[in-house]
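Topology and contacts: notes
Residue strings, one per chain:
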Protein chains: 2
Amino acid sequence: MSNQSENIENELSTEEKIKQAARVVFHKKGFAATRTRDIAEEAGINLALLNYYFRSKEKLFQLIMAESLSAFIKSIATVFNDESTTLYEKIPVLVDKYIDMLTKNPTLPIFILGELQQNPDLMVEQFSIKQVIMQSVFMRQFQAAAEKGEIAPMQPIHFVMNVMGFIVFPFVASPMLRTIGDIPQDKYIELMHERKKMIPEWIRLLLKPSPQV
Amino acid sequence: MSNQSENIENELSTEEKIKQAARVVFHKKGFAATRTRDIAEEAGINLALLNYYFRSKEKLFQLIMAESLSAFIKSIATVFNDESTTLYEKIPVLVDKYIDMLTKNPTLPIFILGELQQNPDLMVEQFSIKQVIMQSVFMRQFQAAAEKGEIAPMQPIHFVMNVMGFIVFPFVASPMLRTIGDIPQDKYIELMHERKKMIPEWIRLLLKPSPQV
DNA sequence: AAACATTTTAATCAAATGATTAAAATTAAA
DNA sequence: TTTAATTTTAATCATTTGATTAAAATGTTT
């Protein structure tokens with residue numbers, strides 16, 4: 001059996017083990033605080049194998065970062081660009097998918113935003129993001145509804161901030177909020193799932209046009 | 001003139017120069033990505049002076065972190081515990097103060113939340129926070145209003161998440177949102193100030209009791 | 001089975017980095 | 001002014017850490 005591609009057993013390939021371990025450790029600690037020895041230990045492999053398969057810590061990081069950015073954006077992009085649904089149909093789907101993704105990857109947002117704070121140029125390379133969000137079907141529907149007076153007027157960027165804030169902020173701030181509220185891990189996850197129902201309602205309230213005089 | 005305390009001139013004491021430089025660099029890059037040489041260069045002092053005045057990188061970090069947590073929490077705490085104002089009077093004051101503070105320290109939230117993701121125990125030492133927020137005058141007013149039916153029912157923790165999300169998230173996500181929206185630095189700051197007026201309105205919408213049947 | 005290729009391991013290297021030291025420079029006290 | 005204390009500097013140390021190497025182990029091909 002050749003090494004990487006055809007590995008049907010429960011045992012992952014060495015390469016895949018390293019990648020998964022790298023994702024876990026990088027996401028939790030960021031690039032600088034992660035030692036290649038941490039990744040090797042998490043993966044249960046010899047340190048030299050990291051360089052054998054991925055050349056360098058830097059290269060491995062770039063791979064994980066690219067995948068992470070892609071995951072972070074794609075869970076928005078697919079919903080945002082569905083031509084077959086209305087503005088208000090998209091919202092609960094977006095919220096549901098995004099909260100599911102973040103529940104599985106709760107350390108992802110801080111990882112991305114922390115690295116981006118150190119080096120904003122990491123974003124520039126992912127030029128697709130601007131197009132995929134701000135020129136999406138969803139945002140066009142939003143602006144059309146605003147022009148028709150079906151929703152309260154709001155600058156698109158504020159709308160994006162608010163929607164993402166509702167969804168992402170509780171994950172970003174979880175270590176702080178869990179302490180503030182004295183909330184254990186499992187109860188916190190419950191709260192996140194509760195928000196799947198509530199966030200679409202809150203967004204609706206924000207967008208409700210004020211009654212005509 | 002003795003060294004630290006009585007320094008009235010425009011020239012800061014060496015100790016203060018190091019502290020301010022440490023704050024800037026730690027806030028931007030976090031503990032692990034910060035080299036003591038970075039701090040020394042930012043401060044314009046000899047590397048050895050960092051250890052002379054602060055013993056170690058670790059000790060200097062603990063000092064900055066304690067001050068940062070304090071700043072982050074105190075800008076909430078003072079407003080939240082003002083006995084002389086109503087629930088709805090507190091909200092615009094909170095929003096205004098917090099956005100001002102974050103405009104001056106835009107890298108503060110990611111710094112705190114990033115370090116907290118690496119080591120959640122950093123929070124535990126600051127036990128005051130739970131008391132100061134969840135048992136605050138503001139939260140008691142919030143719950144009293146909910147019981148009287150003056151506002152729509154919402155779990156306090158969700159309310160805190162939403163309010164903080166409105167305020168803090170745009171700063172946390174600024175490197176990403178600025179790319180998405182193609183927004184320059186100064187224009188982004190303008191947006192943050194715009195939100196001072198809008199956030200209290202949005203919060204009011206969320207809290208507006210649904211009409212009785 | 002023999003020869004070859006690939007993967008894994010333990011040992012080691014070199015550079016980066018936090019910290020220390022001893023001497024020099026500066027300031028304060030006598 | 002002399003002496004003592006404090007602050008600053010350049011050089012150096014010791015540890016950590018990313019990376020490499022050569023040999024051993026494992027797998028594949030003929």
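Residues numbered from 1 in each chain as written. Chains lettered and ligands numbered in written order. Predicted model: local features only at pLDDT ≥ 70, side-chain atom pairs only at ≥ 80, totals over all residues. Heavy atoms only, no water.

1. Brief notes about the interface of chain A and chain B
The following threshold applies: What makes two residues a contact is simply this: any of their non-hydrogen atoms within 4.5 Å. What gets called buried area is simply the loss in accessible area from a 1.4 Å probe that two parts show on being joined, summed for both. Only one rule defines a salt bridge in this text: a Lys or Arg side-chain nitrogen within 4 Å of an Asp or Glu carboxyl oxygen.
With 54 residues of chain A at the contact, the number on the chain B side is 54 residues. For the pair chain A and chain B, the two sides together bury roughly 4,800 Å², of which 75% comes from carbon and sulfur. Of all residues in chain A, Gln 117, Met 176 and Ile 180 of chain A give up the largest surface area on contact with chain B, accounting jointly for 16% of the area buried on that side. Run the count over chain A and chain B and you get two salt bridges.

2. Structural notes on helix α6 (residues 108-118) of chain B
We count it as follows: Per-residue accessibility, obtained with a 1.4 Å probe over protein chains only, is compared with the maximum for each type, and a residue is labelled buried under 20%, exposed over 50%, and partly exposed between these values. Runs of E in the DSSP output that reach at least two residues are strands. Runs of H or I that reach at least four are helices, and both are numbered from the N terminus.
Summarising burial for α6 of chain B: ten of the eleven residues are buried, a large majority. For α6 of chain B, the full list of buried residues reads Leu 108, Pro 109, Ile 110, Phe 111, Ile 112, Leu 113, Gly 114, Glu 115, Leu 116 and Gln 117 of chain B.

3. Things to note about the relation of the copies chain A and chain B
Quick reminder of the rule: When the copies are overlaid, the least-squares fit takes in C-alpha atoms only where the residue has pLDDT of at least 70 in both copies.
In screw terms, the move from chain A to chain B is a rotation of 180 degrees and a rise of 0.0 Å along the axis, fitting with an RMSD of 0.0 Å. The operation mapping one copy onto its partner corresponds to a two-fold rotation axis.

4. Some thoughts on the domain arrangement of chain A
All names here are of chain A. Spelled out, the test is: What fixes the domain bounds is an automatic or database domain assignment. Polar contact is defined as a pair of N or O atoms within 3.5 Å, subject to the rule that within protein one atom must be able to donate a hydrogen and the other to accept it, and that residues adjacent in sequence are counted only when both atoms are side-chain atoms. Three classes are used: nonpolar for Ala, Val, Leu, Ile, Met, Phe, Trp, Tyr, Cys and Pro, charged for Asp, Glu, Lys and Arg, and polar for all others, with Gly counted as polar.
Here the domain parsing of chain A yields domain 1 (11-55) and domain 2 (65-207). The interface of domain 1 with domain 2 comprises seven residues on the first partner and six residues on the second. Taking both partners together, domain 1 and domain 2 bury about 550 Å²; carbon and sulfur atoms supply 48% of that area. Where domain 1 touches domain 2, the interface holds two salt bridges. Of the charged contacts, one joins Lys 19 and Glu 67 as a salt bridge, the two residues approaching to 2.9 Å between their closest N and O atoms. If you look at where domain 1 meets domain 2, you find four residue pairs in polar contact (both at pLDDT 80 or more). For the side of domain 1 that touches domain 2, the class distribution of residues is two nonpolar, two polar and three charged.

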